[in-house]
Amino acid sequence: MKSCVAWEWPVRKGVTGVKSGGRGKMAAAGGSVLYRVADTLGASEAALRLILSIFLGYPLALFQRYFLFKKEPSHIHLFNTVTGLGIAYFNFGSQLYHSILCVVLNFLILRLMGRTVTAVFTSFCFQMGYLLGGYYYTATDNYDIKWTMPHCVLTLKLIGLTFDYYDGGKNKESLTEEQKRYFILGVPSLVEVCGFSYYYGGFLVGPQFSMCSYQKLVRGELTDVEGQRPNSIGPAMNRLCLGLFFLVIYTVIGPHLPDNYFLSDEYANQPFWYRCVYMTIWGKVTLYKYVTCWLVTEGVCILSGLGYNGKDENGQAQWDACANMKVWLYETTPLFTGTITSFNINTNAWVARYIFKRLRFLGSKAISQSAALFFLAIWHGLHSGYLVCFSLEFLIVTVERQTMDLIKASPLNVILSMPLLKPVLYMVQQCFHWLFMGYPLVPFCLFTWDKWLKVYLSVYFIGHVIFLLLLFALPYLRRVLVPRKDKLQKSQ
């Protein structure tokens, strides 16, 4: 399952449709330093605040590892709470009360309702209802950097906390192996819930992590050398440098591929092949802003120790517990499922753990997957573009899996496995792959039906036509290409 984090890496004004919020307007009137710097860079002040806040995680992680490692847990909780609230105020001013309200109420739900289904249901409905209400009252036709941006991350974190707390009260034999890794036995205190919620490395844009992992971080257990600070500076700097590499690519190329160009007469008057090529390259480059964001924040988590994921079979420390990207797989896979597997990993894992697998009682994998994708769509926002994007994802993944199964079971597998054909097929598959990764990304970035419909009309709904035709044609192709078992038995 795929999810795109609900924010936009800002570039030049007028390119991505990012607006300055209320803070930006006040700063413009006052002539603040940040506003002048942002104006010089060609970005909004809100965008500059966001970027600075993400990179601020590195000095904060260094402070925590050198001055708070193995210290009193309450001091660490307080440090994470104060720094997280400071980041929230720096970006959103007094609107930080939205997150405070939801954190405190979720704590009260845990304390007053205990480890019950009622607590889980109440937390899920309240947190999602509050988020959707925020989307409704703050929505515009463009992407604005506002308090709902980090709140969607917080919503998943608090719902997951309630599920894990509920699992801690169940019989261990009834839990799955995965649930046993995340359940919470003790009753978390208010300062502990606040520290978990406002941890500076994951407050703004993620990644998702469990209370269990956070408690291990506070106790100093997430280290490759027991009792000592983790040797995580090198791995953290590697992810930071890789994130900066993708940031440079996006900063250089991104301004030449604006979202608004899709809506221009110039785009509509271009040849059909040009429109498709633009969509392909635009989709690839647009996703680099998410890649950049997740790599940079992953480095913060690694530096503080939260990224530690045990040791492999060779005894080498692994630092991918907070990885949201498998960069090599993302860049080389020719498959849609490969891109989804490598992209926004922690959010995908959260949805799989708390939505998809919890719906197992429905007895249908397709229904569970549809429900999970619908949840992801409304979690991103109330615009129709999100629903179109994730419904297309479901269609594309379904068709790809059926196609791969057909090829493996038919004589085509022998032909397509020929060494001479592999490089050519790989290039063709990659072009097809990235065209139809960009295709569902159009409504995701343009939001409203009048915008994405105009773009889809300009390319004749090529994605819908191809994948719907394949969906209906594949069963007939299987009958022709794949020999039936009874015929094989007769021939033998």
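Counting starts from 1 at the beginning of each chain's written sequence and moves along it residue by residue. Where totals are concerned, whole chains, interfaces and linings use all residues; where local detail is concerned, this predicted model gives features only for residues with pLDDT of at least 70, and gives and counts side-chain atom pairs only at 80 or more. With hydrogens and water stripped out, all remaining heavy atoms of the structure feed into the side-chain values.

### Considerations on the overall build of the protein
Put simply, DSSP marks the helices as runs of H or I at least four residues long and the strands as runs of E at least two long, and each gets a number from the N terminus on. Scanning the protein from N- to C-terminus turns up 25 helices and 0 strands. Scaling as 2.2 N^0.38, a compact globule of 492 residues should have a C-alpha radius of gyration of about 23 Å, and the protein matches this with 24 Å. Viewed in the frame of its principal axes, the protein has a C-alpha envelope of about 75 × 60 × 45 Å. Each residue gets one of three labels from its accessible area relative to the maximum for its type: buried under 20%, exposed over 50%, partly exposed in between, using a 1.4 Å probe on protein chains only. Put simply, the protein has 492 residues, and 53% of those count as buried. When contacts within the protein are restricted to residue pairs at least 6 apart in sequence, those whose partners lie at least 24 apart make up 74%. With C-alpha atoms as the basis for the radius of gyration, the globule rule is written as 2.2 Å multiplied by the number of residues raised to the power 0.38. Contacts are residue-level and defined by heavy atoms, with any inter-residue pair within 4.5 Å sufficient.

### Here we look at the packing of helix H4 (residues 57-67) against helix H15 (residues 288-304)
To describe two helices that pack against each other, one gives the angle between their axes and the distance between the axes. Angles here are taken between N-to-C directions and fall from 0 to 180 degrees, while the axes themselves are lines fitted to C-alpha atoms, restricted in helices to the stretch in contact. Closest axis-to-axis distance for the H4/H15 pair is 8 Å, and the angle between their directions is 10°. Judged on the interaxial angle alone, H15 and H4 are roughly parallel. When H4 is examined against H15, the residues Gly57, Tyr58, Ala61, Leu62 and Arg65 are found in contact with a partner set consisting of Leu295, Val296, Gly299, Val300, Leu303 and Ser304. Among the residues making up the contact of H4 with H15, the classes are represented as 7 nonpolar, 3 polar and 1 charged. By the definition adopted for this analysis, an angle is roughly parallel if under 35 degrees, roughly antiparallel if over 145, roughly perpendicular if from 65 to 115, and oblique otherwise. Residues were grouped as follows: Ala, Val, Leu, Ile, Met, Phe, Trp, Tyr, Cys and Pro as nonpolar; Asp, Glu, Lys and Arg as charged; and all remaining residues, including Gly, as polar.

### Observations concerning the UniProt feature "transmembrane region" (unreviewed entry) in the protein
The positions that UniProt labels "transmembrane region" (unreviewed entry) are, in the present scheme, residues 46-67, 87-110, 117-136, 182-201, 236-253, 385-403, 424-449 and 455-477. A distance of 31 Å separates the end C-alpha atoms of residues 46-67, which is 95% helix and 0% strand. Taken end to end, residues 424-449 comprises 92% helix and 0% strand; its first and last C-alpha atoms sit 37 Å apart. UniProt positions are given in the numbering used here, feature names are shortened, and annotations may be inferred rather than shown by experiment.

### Quick word on the pattern of salt bridges
By definition, a salt bridge exists where a carboxyl oxygen of Asp or Glu is found within 4 Å of a side-chain nitrogen of Lys or Arg. The tally for this structure, following the rule as stated, stands at 8 salt bridges. Salt-bridge contacts for Arg219 lead to Glu221; the nearest nitrogen and oxygen are separated by 2.7 Å. Judged by its relative accessible area of 39%, Arg219 falls in the partly exposed class. In this structure, Arg239 and Glu298 form a salt bridge, with 3.1 Å as the shortest nitrogen-oxygen distance. Here the residue Arg239 occupies a position in helix H12 (residues 233-253), and Glu298 occupies one in helix H15, the gap between them amounting to 59 residues. You'll find Arg239 and Glu298 in the same group, each marked buried. A single salt-bridge network, built from bridges that share partners, covers Asp167, Lys170 and Arg358.

### With respect to the packing of helix H8 (residues 148-167) against helix H10 (residues 190-198)
At a minimum axis separation of 10 Å, H8 and H10 run at an interaxial angle of 140°. Overall, the two elements H8 and H10 adopt an arrangement that is oblique. For the element pair H8 and H10, the recorded crossing hand is right-handed. Within the contact between the two elements, H8 uses Leu154, Lys157, Leu158 and Leu161 and H10 uses Val193, Phe196 and Ser197. Helix crossings are classified by the rotation of the near helix relative to the far one: an anticlockwise turn of less than a right angle makes the crossing left-handed, while a clockwise turn makes it right-handed.

### Some words on the packing of aromatic side chains
When two rings of Phe, Tyr or Trp (its six-membered ring) have centres within 6.5 Å they constitute a pair, described as stacked for plane angles under 30 degrees, edge-to-face for angles over 60, and tilted for the intermediate range. This structure, assessed with the given rule, holds 43 aromatic pairs. Ring centres 5.7 Å apart and planes at 75° place the aromatic pair Tyr261 and Tyr267 in the edge-to-face group. Residue Tyr261 shares its accessibility class with Tyr267, and that shared class is buried. These aromatic residues form a ring-pair network of at least three members: Phe63, Phe67, Phe79, Phe196, Tyr199, Tyr200, Phe209 and Tyr214. Any Lys NZ or Arg CZ that is within 6 Å of a ring centre and within 35 degrees of that ring's normal is treated as a charge sitting over the ring. Between Arg353 and the ring centre of Tyr182, over which it is positioned, the NZ or CZ distance is 4.1 Å.

### Some words on helix H11 (residues 211-218)
For H11, the buried fraction is high: 6 of the 8 residues fall into the buried class. Residues of H11 that are buried: Met211, Cys212, Tyr214, Gln215, Leu217 and Val218. Lining the buried residues of H11 we find H4, helix H5 (73-92), H8, helix H9 (177-182), H10 and H15. Gly220 sits one or two residues past H11 and shows a positive phi near 80°.

### Here's the deal with helix H6 (residues 97-113)
With 17 residues, H6 ought to run about 24 Å at 1.5 Å a step, and its terminal C-alpha atoms sit 23 Å apart, in line with that. Residues of H6 that are buried include every one of His98, Ser99, Cys102, Val103, Asn106, Phe107, Ile109 and Leu110, and no others. Buried residues along H6 cover an arc of 160° about the axis, so they all sit on one side. Where H6 is buried, its residues touch helix H7 (117-138), H8 and H10. Of the residues one or two after H6, Gly114 is the one with positive phi, at around 70°. To estimate the expected span of a helix, count its residues, drop one, and scale the result by 1.5 Å. The arc in question is traced by the directions running from the helix axis to the C-beta atoms.

### Looking at empty space enclosed by the protein
Buriedness of a pocket was judged along seven lines, with at least five required to meet protein on both sides within 12 Å; pockets are open sets of points on a 1 Å grid over the protein atoms alone, cavities are sets where a 1.4 Å probe fits but cannot get out, and lining residues have an atom within 4 Å of a point. Grid points are joined across faces, edges and corners, and a volume is the space filled by probe spheres set on the points. A complete count under the given rule lists 10 cavities of 30 Å³ or more for this structure. Volume-wise, the largest cavity comes out at about 90 Å³. Lining of the largest cavity is provided by Gln64, Arg65, Leu68, Phe69, Lys70, Ile76, Leu217, Gly220, Leu222, Pro230, Ser304 and Gly305. Taken together, the residues that form the lining of the largest cavity break down as 6 nonpolar, 4 polar and 2 charged.

### Notes on the nonpolar core
Core analysis: the biggest nonpolar cluster contains 126 residues, and Leu204, Phe262 and Val442 have the highest contact counts within it. Residue contacts for Val442: discarding those within four places in its chain leaves Phe262, Met279, Trp282, Trp452, Val455 and Tyr456. Among buried residues, the Ala, Val, Leu, Ile, Met, Phe, Trp, Tyr and Cys ones that are joined through side-chain atoms within 4.5 Å form a nonpolar core.

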